[in-house]
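Chain and residue survey
Letter by letter, the chains look like this.
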Amino acid sequence: MLVRSPYNFRRIGLLVKPDLGVRREILRGVAQFAETEPRWELELLWKVTELRDFRPDSHFHGLIAWPEHDRDPAVIRSFAVPTVCMGHFPIEGVSRVLYDNRRIGARIAAYLFERGLKYFAAYAERLFASYSRERVEGFQNGLPAAGLPCPVFDARAVGENPERWEKLMPEVGAWLRDLPKPVGILADSDTSGYNLLLACRHFGVRVPDEVAVVSVGADDLVSALAQPRLSSASLNGIRAGVMACELLKRLLIGRTKPRSVWMDDQPIIERGSSNLLAFHDPVVVQAQRFLLDHATEEIQISDIVRAVGVSRRALEKRYKTAVGKTLHDTIQQCRLEKAQELLTQTQLPIAEIAERSGFSEARRLSEVFRRANGQTPRQYRNTHAFL
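Residues numbered from 1 in each chain as written. Predicted model: local features only at pLDDT ≥ 70, side-chain atom pairs only at ≥ 80, totals over all residues. Heavy atoms only, no water.

**Observations regarding the overall build of the chain**
- Scanning the chain from terminus to terminus reveals 16 helices and 12 strands.
- On C-alpha atoms alone, the chain measures out to a radius of gyration of 23 Å, which is about the 21 Å that the 2.2 N^0.38 rule sets for 387 residues.
- The dimensions of the chain, computed from C-alpha atoms along their principal axes, are 80 × 60 × 35 Å.
- Per-residue burial over the chain gives 51% buried out of 387 residues.
- Once local pairs closer than 6 in sequence are excluded, the contacts in the chain between residues at least 24 apart make up 69%.
- Carbon and sulfur atoms provide 49% of the accessible area of the chain, an area that totals close to 18900 Å².
- Separation of charge centres in the chain, based on 54 positive and 47 negative side chains, amounts to 4 Å. (Helix = DSSP H or I, 4+ residues; strand = E, 2+ residues; numbered from the N terminus. Rg over C-alpha atoms; globule rule 2.2 N^0.38 Å. Buried < 20%, exposed > 50% of the residue type's maximum accessible area, 1.4 Å probe, protein only. Contact = heavy atoms within 4.5 Å. Areas by Shrake-Rupley, 256 points an atom, 1.4 Å probe, with all protein chains shown as cover. Lys, Arg positive; Asp, Glu negative; His and termini not counted. Charge placed at Lys NZ, Arg CZ, Asp CG, Glu CD.)

**Observations regarding the sheet that holds strand S9 (residues 211-217)**
- An order of S7-S6-S8-S9-S10-S12 is seen for the six strands of this open sheet, with the pairing classed as mixed. The open sheet has two edge strands, strand S7 (152-154) and strand S12 (268-269), and neither has a second partner.
- Where strand S8 (residues 183-187) meets S9, four bridges bridge the pair, whose relative direction is parallel. Residue pairing across strands places glycine 184 opposite alanine 212, the latter belonging to S9.
- Of the strands in this sheet, strand S6 (119-124), S7, S8 and S9 are in contact with helix H4 (residues 130-141), which crosses S6 at around 180 degrees. (Pairing = 2+ DSSP bridges. Axes fitted to C-alpha atoms, helices over the stretch in contact; angles between N-to-C directions.)

**Things to note about the pattern of salt bridges**
- Scanning all chains against the criterion turns up 22 salt bridges.
- The shortest N-O distance in the salt bridge between glutamate 43 and arginine 11 comes to 2.4 Å. Taken together, the positions of glutamate 43 in strand S2 (residues 40-44) and arginine 11 in strand S1 (residues 10-15) put the pair 32 residues apart, joining distant regions of the chain.
- The class for arginine 11 is buried, based on a relative accessible area of 17%.
- Where arginine 206 meets aspartate 209, a salt bridge forms, and the shortest distance between an N and an O atom there is 3.5 Å.
- Connected via shared salt-bridge partners are Arg11, Glu41 and Glu43. (Salt bridge = Lys/Arg side-chain N within 4 Å of Asp/Glu carboxyl O.)

**Some points on the packing of helix H11 (residues 301-308) against helix H12 (residues 312-323)**
- The N-to-C vectors of H11 and H12 enclose an angle of 95 degrees; their axes lie 10 Å apart at closest approach. One finds that H11 runs roughly perpendicular with respect to H12. Each of Ile301, Ile304, Val305 and Val308 in H11 lies in contact with H12, whose residues at this interface are Arg312, Leu315 and Glu316.
- Looking at the contact of H11 with H12 residue by residue, the classes come out as five nonpolar, no polar and two charged. (Parallel < 35°, antiparallel > 145°, perpendicular 65-115°, else oblique. Nonpolar A, V, L, I, M, F, W, Y, C, P; charged D, E, K, R; others polar.)

**Concerning the nonpolar core**
- In terms of nonpolar packing, the biggest core is built from 49 residues, with Ile64, Met86, Val97, Ile108, Leu112, Phe139 and Leu248 touching the most fellow members.
- Residues within four places of isoleucine 108 in sequence aside, it is in contact with Phe139, Leu186, Val214, Ser215, Val216, Ala233 and Ile268.
- Within the second largest apolar cluster, 26 residues are counted, among which are Phe153, Val172, Trp175 and Val222. (Core = buried A, V, L, I, M, F, W, Y, C linked by side-chain atoms within 4.5 Å.)

**Digging into helix H1 (residues 21-34)**
- With 14 residues, H1 extends 20 Å from end C-alpha to end C-alpha; this agrees with the ideal 20 Å at 1.5 Å per step.
- Looking at H1, one finds that the buried residues are Gly21, Val22, Arg23, Ile26, Leu27, Gly29, Val30, Phe33 and Ala34.
- Those residues of H1 hidden inside the fold are in contact with S1, S2, strand S3 (62-65), strand S5 (95-99) and helix H9 (237-252). (Expected span 1.5 Å × (residues − 1).)

**Side note on the sheet that holds strand S4 (residues 83-85)**
- If you trace the six strands from one edge of the open sheet to the other, you get S2-S1-S3-S4-S5-S11, paired in parallel fashion. Each of the sheet's edge strands pairs with one partner strand only, and the pair in question is S2 and strand S11 (260-263). Ignoring strand direction, the axes of neighbouring strands in this sheet form an average angle of 20 degrees.
- The pairing of S1 with S3 spans four bridges and is classified as parallel. Residue leucine 14 lies in a different strand from S3, and its bridge partner there is isoleucine 64.
- Against the sheet, H1 makes contact with S1, S2, S3 and S5, and its axis sits at roughly 160 degrees relative to S2, the strand it touches most.

**Notes on the confidence of the model for the chain**
- On average, residues of the chain score 85 in pLDDT, and 92% of them reach the 70 mark or higher.
- Note on residues 1-7: pLDDT under 50 across the span, and six contacts to partners over four residues away in sequence or across chains. (pLDDT = per-residue confidence, 0-100.)

**Brief notes about the packing of aromatic side chains**
- Using the criterion set out here, one finds five aromatic pairs in the structure.
- With a centroid separation of 5.9 Å and 20 degrees between ring planes, the pair formed by tyrosine 123 and phenylalanine 153 is classed as stacked. Residue tyrosine 123 is located in strand S6, and its partner phenylalanine 153 is located in strand S7; the two are separated by 30 residues in the primary sequence. Residues tyrosine 123 and phenylalanine 153 agree in their burial class; the two are buried.
- Judged by centre distance (5.4 Å) and plane angle (55 degrees), the ring pair of phenylalanine 153 and tryptophan 175 falls under tilted. Pair noted here: phenylalanine 153 is in strand S7 and tryptophan 175 is in helix H6 (residues 165-178), with a separation of 22 residues, a long-range link. You'll find phenylalanine 153 and tryptophan 175 in the same group, each marked buried.
- Taken together, the ring pairs connect Tyr123, Phe153 and Trp175 into an aromatic cluster. (Phe/Tyr/Trp six-rings, centres within 6.5 Å; stacked < 30°, edge-to-face > 60°.)

**Considerations on the side chain of asparagine 101**
- You can see asparagine 101 is positioned in helix H3 (residues 101-114).
- Excluding its chain neighbours within four sequence positions, the residues that come into contact with asparagine 101 are Tyr131, Glu134 and Arg135.

**A closer look at the environment of glutamate 43**
- With relative accessibility at 27%, the residue glutamate 43 sits in the partly exposed group.
- It is 7.5 Å that separates the C-alpha atoms of glutamate 43 and arginine 11, two residues lying 32 residues apart in sequence.
- When neighbours within four sequence positions are excluded, glutamate 43 is seen to be in contact with Arg11, Ile12, Gly13, Leu14 and Phe60.
- A polar contact of 2.4 Å, which involves the side chain of glutamate 43, links it to the side chain of arginine 11. (Polar contact = N/O pair within 3.5 Å; in protein donor to acceptor, adjacent residues only side chain to side chain.)

Here it is, written out as structure tokens:
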């Protein structure tokens, strides 16, 4: 008797409300993956989460979901099919694609510090959610000096009820006025960042000269509406959508059990709200700009010296005084971050990754990588690979 493969046809339900940039990107990633799976049929079901007693009346083979409310787990479980969840809402025994929000916060702290800022703060409208608290904690812990002050403006009342924003704005203005300047501020979401820029404009606070703002999400629409345009850490939704599909496919064909996988790369998209170098020394500003623009090329310190027009000894001394680390250390850090991104986001050979990230050869990349991470590039790829 001919037995049909259980993977011949798959109807995939998408319980993802496309109201945020990252969710729309996730759906694009799912659609992109489905192009390689002609037997997959996608059906967008996000409205069913608004129904309290919903039960699926059609047969689905798999589900990709972004739960938001207490009632959503029951809805998701009612499908009784292999499921991959996104977002911060946990459902026991269900596979998830997760963001390391503490790491995102720490990366934003390092980014702002590299631009010469010495004062830092956080503005959060979603502190009732774990992802917001984790981003703020990661930002605080990622600051270069232990115990460095980082005041947090708790605007969760706005997140719970947007109508309260106008009433809260005077308090935000007073907080902005009292912060030491220039200051780098983490906003826990793009909406928070947009509101913070609105307050800066209303109270005459100059962005980015007095206040540099970086949010999380990299929603192109929100950024385009902000004045100036909003810098933000990307949640790389297209890749997250593809990862969810890869995991769901393995669940469908029985090659893995429910588990969690982590997104590993959330690059910061720099726009007008943080496009500054706040070092007082103009030579250091010039050197840092050249370095950030060219670090992943095979530049030498001598190239930076020629670009800024001072002696190497004077430049290295002034740079170390202003930045707190050497030119060589900054170059290596930029190259390592690029290599880590390529290792986790591509299948490029190690030799090509070394070339693209500014190392002279694969052996040199391996030496630096092992010292910094305790692993070879290949080991790092294997431990951080999705599947």
